[in-house]
Amino acid sequence: MVQEINWLERINETAAFLKERVGKMPKTAIILGTGLGDLVNHINIEVSIPYEEIPNFPVSTVEGHSGRLIFGTLGTKYIMAMQGRFHFYEGYSMKESTFPVRVMKAVGVKTLFVSNAAGGMNPDFKIGDLMIITDHINLFPEHPLRGKNYEELGPRFPGMVDAYSPRLIEKCREIAKANDIRVVEGVYVGTQGPTFETPAEYRYFWRIGGDAVGMSTVPEVIVANHADMEVFGMSVITDIGAEGVVEEATHEEVQAAAAKAQPVMSFLMKEIINQFEEL
Ligand code: HPA
C-alpha cells in the first residue's frame, strides 16, 4: 500500500490560512460549475484568492474556469464560492478534487450548493433545462473515501440516503413554481469523462435509472455528505442523449447552453440561500 498523505494536517493548514487571510467565515458555499461561473456577477465580492495562493490547493486548468476562491455576499447572505473546480478527468486524484470541500467544512461551512452541465437521457428534457438533482449514481472508477478514514472528518461507512437535501429541493420547487420557471428533476450519473457518451452509453445510463450524465459533482457531494453537510445540486442540460435522439455537443456548445440558462439558475440558488435564516 502506498504511503498516505496526512490529509487532516493539510486540511487544517489550509483552513487556518483562510481564517487568517479572510477573517469572517461563511456557513454556505457554492461550487460554480462549467459555464455557470457567471453567478459570480451576483456576488458582492469582499475577498478573492487565486487558487495558486492557497496552500495545498490544486490549481485548475480547463478553459472556462478561472480558479479562485471568493468570499462575499449573495443577496443578504455571506457565502464563499469556488470559481473553477478540479475534475477527475484533468488528472487530479479523488482526494485532490474533493479537498476544497474538506476545507469548507473545516472553516465552518454547513451547506453546499453545486452546479454543473450535464447531458440529458430523460426524453422529457430539453436543451437549456434546469434539473434539480434528487439523487446520483456514482460511476467514477475511484472513490474519494477510499483509504484511511479520519473519524474527525466522518464515519467509515457513511449513508447516502438524502444525499441531496429534501428541504432544499422542496424550497427550489416552491420558488420555481412561484416564479413560473420550468425546472425538471432527476438522477445525475457521475462518470469520469472526458469523452461524451456513445449512444449505447446514454441508453445504458437511462436504463440504470439516470436522467442526466456529467463528469463532476458526485465526488464533492460524497465528501460533503461524509462531512455531514447539507447539499443542493442543479444541472443545466446542455445536450441530449435520449434514446433515438443524440444531439451531440461540443465543449463550446455545452458552454453556450449553460451560459443561457445561467441567469435562471443564479436566481434560484440565490433565492434558496436567502430564504433560509440559518444559511
Ligand atoms: N456527458 C457527460 N458530461 C457532460 C455532458 C454529457 O452529455 N454534457 C455536459 N457534460
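The rules behind these values
- Sequence order sets the numbering: in each chain, residues are counted from 1 along the sequence as written.
- Note on the predicted model: pLDDT of at least 70 is required for a residue's local features to be given, and 80 or more for side-chain atom pairs to be given and counted; whole-chain, interface and lining totals, by contrast, use all residues.
- With hydrogens and water set aside, each side-chain value is computed from the structure's full complement of heavy atoms.
- Under the DSSP-based scheme used, a helix requires at least four consecutive residues in state H or I and a strand at least two consecutive residues in state E, with every element numbered from the N terminus.
- The globule rule used here is 2.2 Å times the number of residues to the 0.38 power, and the radius of gyration it is set against is calculated over C-alpha atoms.
- When a residue's accessible area, from a 1.4 Å probe over protein chains only, is under 20% of the maximum for its type it is buried; when over 50% it is exposed; and in between it is partly exposed.
- Working definition of accessibility: Shrake-Rupley area with a 1.4 Å probe, residue cover restricted to the visible protein chains.
- We treat Lys and Arg as the positive residues and Asp and Glu as the negative residues; His and chain ends play no part in the count.
- Here the site of a charge means NZ on Lys, CZ on Arg, CG on Asp, or CD on Glu.
- By convention a nonpolar core is built from buried Ala, Val, Leu, Ile, Met, Phe, Trp, Tyr and Cys residues, the set being connected through side-chain atoms within 4.5 Å.
- Any two residues having at least one pair of non-hydrogen atoms within 4.5 Å are treated as being in contact.
- Pairing of aromatic side chains here covers Phe, Tyr and the six-membered ring of Trp, requires ring centres within 6.5 Å, and sorts the geometry by plane angle: under 30 degrees stacked, over 60 edge-to-face, intermediate tilted.
- Remark: a charge is flagged as sitting over a ring if the NZ atom of Lys or the CZ atom of Arg is within 6 Å of the ring centre and within 35 degrees of the ring normal.
- Throughout this document, a residue counts as near a molecule or strand when at least one of its heavy atoms sits within 4 Å of that molecule or strand.
- Under this definition, polar contacts are N or O atom pairs within 3.5 Å; protein pairs additionally need one hydrogen-donor-capable and one acceptor-capable atom, and for neighbouring residues in sequence, both atoms have to be side-chain atoms.
- What a helix is expected to span follows from its residue count: subtract one and scale by 1.5 Å.
- This arc is taken over the directions from the axis of the helix to the C-beta atoms.
- Exposure above 30% relative accessible area and no salt bridge define the residues that can form patches, which grow by joining like charges within 9 Å and nonpolar side chains of Val, Leu, Ile, Met, Phe, Trp and Tyr within 5 Å.
- Here, a salt bridge means any Lys or Arg side-chain nitrogen found within 4 Å of an Asp or Glu carboxyl oxygen.
- Using only the protein atoms, space was sampled on a 1 Å grid; points where a 1.4 Å probe fits but cannot get out form cavities, open sets with protein on both sides within 12 Å along at least five of seven lines form pockets, and lining residues are those with an atom within 4 Å of a point.
- Grid points are joined across faces, edges and corners, and a volume is the space filled by probe spheres set on the points.

Enquirer: Any chance you could break down the overall build of the chain for me, citing the residues and the numbers?
Expert: Broken down by element type, the chain carries 6 helices and 10 strands. What you see for the chain is a C-alpha radius of gyration of 18 Å, in line with the 19 Å of a compact globule of 279 residues. Here the C-alpha coordinates of the chain stretch approximately 55 × 50 × 35 Å along the principal axes. Counting over 279 residues, the chain shows a buried share of 56%. Carbon and sulfur atoms make up 50% of the accessible area of the chain, which totals about 12200 Å². Measuring between centres, the 25 positive side-chain charges of the chain sit 5 Å from its 37 negative side-chain charges.

Enquirer: How would you sum up the nonpolar core? Please name residues and give values.
Expert: L112 and F232 are the most contacted members of the largest nonpolar core, which has 83 residues in total. Per-element accounting of this core gives the leading share, 7 residues, to strand β9 (residues 230-242). For F232, the contacting residues outside a window of four places in its chain are L112, F113, V114, I132, L168, I169, C172, M269 and I272. In this structure, V189, Y202, F205 and V213 belong to the second largest nonpolar core, which totals 5 residues.

Enquirer: I'd like a rundown of the packing of aromatic side chains, residues and numbers included.
Expert: What the rule picks out here adds up to 9 aromatic pairs. Here the aromatic rings of F113 and F232 are separated by 5.8 Å at their centres, their planes lie at 50 degrees, and the arrangement is tilted. Within this pair, whereas F113 is found in strand β5 (residues 111-120), its partner F232 is found in strand β9, the two being separated by 119 residues in sequence. Of the residues examined, F113 reaches a relative accessible area of 0% and is grouped as buried. Note on F232: relative accessible area 1%, which makes it buried. Note on Y204 and F205: the rings are 5.3 Å apart at their centroids and 40 degrees apart in plane angle, and the pair reads as tilted. If you follow K24 out to its NZ or CZ, it ends over the ring of Y78, 4.2 Å from the centre.

Enquirer: Which residues make up the site of the ligand, and what values do they have?
Expert: For the ligand, the full set of nearby residues is A117, A118, G119, F196, E197, Y202, V213, G214, M215, T238 and D239. At 2.5 Å from a nitrogen atom of the ligand is found a side-chain nitrogen or oxygen belonging to E197. Between the ligand and the protein, one listed contact pairs an oxygen atom with a side-chain N or O atom of Y202 at 2.7 Å. Out of a free accessible area of 260 Å², the ligand has 96% covered by protein chains. Elements represented by at least two residues in the shell around the ligand include exactly β5, β8 (212-214) and β9. If you tally residues by element for the shell around the ligand, the top one is β5, at 3 residues.

Enquirer: How would you sum up helix α1 (residues 7-22)? Please name residues and give values.
Expert: Taking 1.5 Å of rise per residue, 16 residues should cover 22 Å, and α1 covers 22 Å from first to last C-alpha, within 8% of that figure. Here α1 has its buried residues at W7, L8, I11, T14, A15, L18 and V22. The buried residues of α1 all sit within an arc of 135 degrees when viewed along its axis, so they share a single face. In α1, those exposed residues whose orientation departs by more than 90 degrees from the buried face are E9 and E20.

Enquirer: Pulling in residues and values, what's your account of a nonpolar patch on the surface?
Expert: Judged by side-chain polarity, L139, Y204 and I208 come together as a nonpolar surface patch covering roughly 250 Å² of accessible area. Looking at where I208 falls in the secondary structure, it is placed in the loop between α4 (199-207) and β8.

Enquirer: Please give an account of empty space enclosed by the protein that cites residues and values.
Expert: Tallied over the full model, the rule gives 3 cavities of 30 Å³ or more. Considered as a void within the structure, the largest cavity measures approximately 150 Å³ in volume. Residue lining of the largest cavity: 14 residues in total, with W7, K95, R102, P144 and L153 positioned closest to the centre. Elements with a contribution of two residues or more to the lining of the largest cavity: α1, α2 (94-106) and α5 (218-226).

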